[in-house]
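Coordinates in review
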Amino acid sequence: MSLIEARGLEKRFSTGSGVAARFFSDDVVHAVDGVDLDIGSGQTMGLVGESGCGKSTLGNLLLRIHDPTAGTVRFDGTEITGLSDRELGPYRSKMQIVFQNPRNSLNPKHTVGKILRKAIRFHDVASGADAASLAERCLEDVGLRPEHTDRYPHEFSGGQQQRIAIARALSVKPEFIVLDEPVSALDVSVQSKILGLIDDLKAEYDLTLLFITHDLNVVRRVCDEVSVMYLGEIVENALTTELFDDPYHPYTQALFDSITLPEPGELDRGGGIQGEIPSPIDPPSGCRFRTRCPMAMPECEEVNPELVERERGATDGARHTACHLYDTAEDGPDEKRAVDRLG
Ligand code: SF4
């Protein structure tokens, strides 16, 4: 069963504001466009794509940090998109976020204990001595000691600060956490420890996670399923093992090639992504990837392919891909067509 369900989710930002916007036509950024996404209870969904493709905006929409321009989000079956701030209150503690840079997300004027106790009390999880002991327990769960409650964020290393940010998120008893590039600002050795910690805590706290990252090695290590995003749209979704074994979409293939060298005997698909990502203010007609796609066909300019189920995976996950290469096979999905064109 899905804990998070998004349907037709859309977010457009106007680049103009204030007085200027009343006199000049302003541009519209298509940050997220028509996204459907399901995250199963207890699952870790990876969300990957180049910088600026809309990953963080999508995470913020799921948490109602941003309000969508169109579409809906359901949390555990309840549509939260139209709830007022007061109605949304009980859901705020169930849905948390951990940001890339903990230094910016921890109040430097407060001790670590106060940061956690404040969050616990704000969300009505506990008060008084109970809030203090819950804060200490969460700090212990992320590998810090109770005496750390009296120290300030600047007294900790980057890795420890991210542990504190994770402890704060855990302290309000969430069911769903968006991790927005949680290890990309950390040293590689620290990254590994934080990833191991997240894995342990997911089981211990029975969490559902959305892991936003541009690092496919991180995805392979911690995610059950992966959604690939390009210019505001999901272009492919599959179980992690299946996507890494056999990426269908040309963008997914290029993304993989941009960070990994082919194994001996493996098809070299041509060395990664070509060209610059187009502006989300004026995305290409038809398939948004067509200006960089080595397999673009005339129909790709006319019609934007829908994200549709291509086949059942070897396990129980469905493969969804948005690409015309897989549209025309009469007897089911035909991944060979893409490979033949590449070879
Ligand atoms: Fe490339 Fe066409 Fe597929 Fe888009 S629809 S990824 S342009 S082949």
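Structural data are supplied above this passage.
Structure report, in brief. (Residues numbered from 1 in each chain as written. Predicted model: local features only at pLDDT ≥ 70, side-chain atom pairs only at ≥ 80, totals over all residues. Heavy atoms only, no water.)

**Description of the overall build of the chain**
The condition that has to hold: The secondary structure listing takes helices from DSSP runs of H or I that are at least 4 residues long and strands from runs of E that are at least 2 residues long, numbered from the N terminus. Residue exposure (1.4 Å probe, protein chains only): buried if accessible area is under 20% of the type maximum, exposed if over 50%, otherwise partly exposed. Contact criterion: two residues are considered in contact whenever any of their non-hydrogen atoms come within 4.5 Å of each other. Here, Shrake-Rupley sampling with a 1.4 Å probe gives the accessible areas, and only protein chains in the shown set may cover a residue.
Each helix and strand counted, the chain has 13 helices and 12 strands in total. Looking at the chain as a whole, 49% of its 343 residues are labelled buried. Residue pairs at least 24 apart in sequence account for 65% of intrachain contacts in the chain once pairs closer than 6 positions are excluded. By element, 46% of the accessible surface of the chain is carried by carbon and sulfur atoms, the whole surface being about 16400 Å².

**Observations regarding the site of the ligand**
The cut-off we apply is this: For this purpose, a residue is taken to be near a molecule or strand whenever a single non-hydrogen atom of the residue falls within 4 Å of it. Detection works on a 1 Å grid of protein atoms alone, calling trapped sets that fit a 1.4 Å probe cavities and calling open sets with protein on both sides within 12 Å along at least five of seven lines pockets, with lining residues defined by an atom within 4 Å of a point. If over half the atoms of a molecule are within 2 Å of the grid points of a cavity or pocket, the molecule is regarded as sitting in it. Throughout this entry, Asp, Glu, Lys and Arg are counted as charged residues, while Ala, Val, Leu, Ile, Met, Phe, Trp, Tyr, Cys and Pro are counted as nonpolar. The remaining residues, Gly among them, count as polar.
Around the ligand sit 13 residues, and of these C287, C293, C300, C323 and H324 come closest. Under a 2 Å grid-point criterion requiring more than half of the atoms, the pocket assigned to the ligand is the largest cavity. Taken together, the residues of the shell around the ligand break down into 10 nonpolar, 2 polar and 1 charged.

**Structural notes on the layout of surface pockets**
Under the convention used in this document: Grid points are joined across faces, edges and corners, and a volume is the space filled by probe spheres set on the points. Domain start and stop positions are those given by an automatic or database domain assignment.
Looking at the largest pocket, its volume works out to about 730 Å³. D36, L37, D38, L307 and H320 are, among the 30 residues lining the largest pocket, the residues nearest its centre. Where the lining of the largest pocket is concerned, the elements lending two or more residues are β1 (2-14), β2 (28-40), β9 (225-230), β10 (233-239) and β12 (318-321). Residue contributions to the lining of the largest pocket peak at 8 residues, all from β2. Across the lining of the largest pocket, the residue classes break down as 13 nonpolar, 9 polar and 8 charged. Looking at which domains feed residues into the lining of the largest pocket, each of domain 1 (2-15 + 33-223) and domain 2 (245-337) supplies at least three. One number sums up the size of the second largest pocket: a volume of about 480 Å³. Contributing to the lining of the second largest pocket are 19 residues, with Q96, I97, A119, H123 and R168 lying nearest its centre. Grouping the constituent residues of the lining of the second largest pocket by class yields 11 nonpolar, 4 polar and 4 charged.

**Regarding unusual backbone geometry**
Even without a glycine there, the phi angle at R64 is positive, about 60 degrees. In this fold, R64 is placed in the loop between α2 (55-62) and β4 (70-75). Not every positive phi belongs to a glycine, and D76 is a case in point at roughly 50 degrees. Position of D76 among the secondary structure elements: in the loop between β4 and β5 (78-79). The class for D76 is partly exposed, based on a relative accessible area of 41%.

**Let's talk about the packing of aromatic side chains**
The cut-off we apply is this: Stacked, edge-to-face and tilted labels apply to pairs of Phe, Tyr and Trp rings (six-membered ring for Trp) whose centres lie within 6.5 Å, assigned for plane angles under 30 degrees, over 60, and everything in between, in that order. We call a charge positioned over a ring when the NZ of a Lys or the CZ of an Arg lies within 6 Å of the ring centre and within 35 degrees of the ring normal.
According to the stated counting rule, one finds 6 aromatic pairs in the structure shown. Ring centres 4.8 Å apart and planes at 35 degrees place the aromatic pair F244 and F256 in the tilted group. Note that F244 is positioned in helix α10 (residues 240-245) and F256 in helix α11 (residues 250-259), a separation of 12 residues in sequence. Per residue, the accessibility class of F244 equals that of F256, and both read buried. Aromatic side chains Y251 and F289 sit 5.2 Å apart centroid to centroid with 65 degrees between the ring planes, which places their arrangement in the edge-to-face category. Residue Y251 is located in helix α11, and its partner F289 is located in the loop between α11 and α12 (298-302); the two are separated by 38 residues in the primary sequence. Its relative accessible area of 0% is what places Y251 among the buried residues. Connected via pairs of aromatic rings, a cluster forms that spans Y230, Y251 and F289. Over the ring of Y248 we find R319; its NZ or CZ atom is 3.9 Å from the centre of that ring.

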